[in-house]
Amino acid sequence: MMVAFPASSILSRLYYVDGGTHRWLLSWVAAAGWPLTALILLPMYFSRGISPTTFTWRLFMSYAVLGALSAADNLMFAWSYAYLPASTSSLLSSSSLTFTAVFAYFIVGKKWTASILNAIAVITAGAILLGLDANSDRPKNTTNGHYAIGFLLDILGSALHGLIFALSELLFIKLLGRKSFHVVLEVQAYTSLFACIITTIGTIINGDFFAMRIEAQRFHHGPAVYYMVLIWAAICFQLGVLGSVAVLYLTSTLFAGVLNAARVPVTALAAVVCFHDSMTGYKIMALLLTLWGFGSYIYGGVQAHASPNNNKSESSEFAPEQDGLFRHQALSVPLVIQKPTPA
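Below: a short report on this structure. (Residues numbered from 1 in each chain as written. Predicted model: local features only at pLDDT ≥ 70, side-chain atom pairs only at ≥ 80, totals over all residues. Heavy atoms only, no water.)

This part is about the pattern of salt bridges. Inspection of the entire model under this criterion finds one salt bridge. Across the pair lysine 110 and glutamate 169 runs a salt bridge, and its minimum N-O distance is 3.6 Å. Placement of the pair is lysine 110 in the loop between α6 (96-108) and α7 (114-132) and glutamate 169 in helix α8 (residues 144-176), with a sequence separation of 59 residues. The exposure classification of lysine 110 matches that of glutamate 169, with both residues buried. (Salt bridge = Lys/Arg side-chain N within 4 Å of Asp/Glu carboxyl O. Helix = DSSP H or I, 4+ residues; strand = E, 2+ residues; numbered from the N terminus. Buried < 20%, exposed > 50% of the residue type's maximum accessible area, 1.4 Å probe, protein only.)

Among the structural elements, alanine 189 can be located in helix α9 (residues 182-206). With a relative accessible area of 8%, alanine 189 lands in the buried category. Separated by 154 residues in sequence, alanine 189 and proline 35 place their C-alpha atoms 7.3 Å apart. Apart from the residues within four sequence positions on either side, alanine 189 is in contact with Trp34 and Thr37. (Contact = heavy atoms within 4.5 Å.)

Moving on, we get to a nonpolar patch on the surface. Residues Phe55, Trp57, Phe60, Met61 and Val65 make up a contiguous nonpolar surface patch of about 490 Å² in total accessible area. Structurally, phenylalanine 60 can be placed in helix α4 (residues 57-83). Judged by relative accessible area, which is 31%, phenylalanine 60 ranks as partly exposed. (Patch = residues over 30% accessible without salt bridge, like charges linked within 9 Å, V, L, I, M, F, W, Y side chains within 5 Å. Areas by Shrake-Rupley, 256 points an atom, 1.4 Å probe, with all protein chains shown as cover.)

In structure tokens:
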């Protein structure tokens, strides 16, 4: 998550900077790497003697819904990358932690603590600051309307990202369980397959596949770089989402949201280096607020877990049975069984 997602964001913005224009094509690229996950999954069946999870109608519909939501999420971010600098887009994406906390509360039943509420507040404040700084970092030939569309779609995509996180954890809780890691690969492979089918239909209808040859010839760094950008973007998207599903499996929705927000500084700094994005005072403040929110969440979790007198409501989010972040500490505690006292 911390490497692949920033790389995919930079590659997506590079596609537009060097002359790419097709939103549906980029959304298709975000799901087209699903065979990579399948190639990792298939040998696992044979090497470990694991049988594929039995397909039921509920499981099929769950994958289909998650795939449709992922396709919509990819399309929203594809549009936002076209109108926003990579640094601004990544900072806005940190708002997904707010939406993740909300959806985790209503869908999975994760409790809110003071540290979570503080993280939500400061990250939301960072997004507001970026809205006030709209006139300082607008790409060339981007109108006020286009910038507003990119800003709105980035926020909506972040909200959808939080919903996907919560529904994915619900899938593990209700249908798949957490007995074997191969279910992580199954969820990612089937979800991306459905998303790829949907975006393939949209890309064909929009004529983006047929325009690739002309677009490659007009690409600033040439056709070879054009196809390399798309291929590596597909790989990075797939590895990033696979990492997020694995985090959901091992920990919780909220911790996946925290890591998703924690990658923001990496993407923002990479955008400054690669595209010379301006780092205004508003952006610096938004970046600091994002780091503050991330630190608040982690600090609250550590304090809740370490305190011997903490109550269940304050530490439930970081309880070993719910969150794998501190699971190794719980496993190191020996089980002591006292012998009954003779009558």
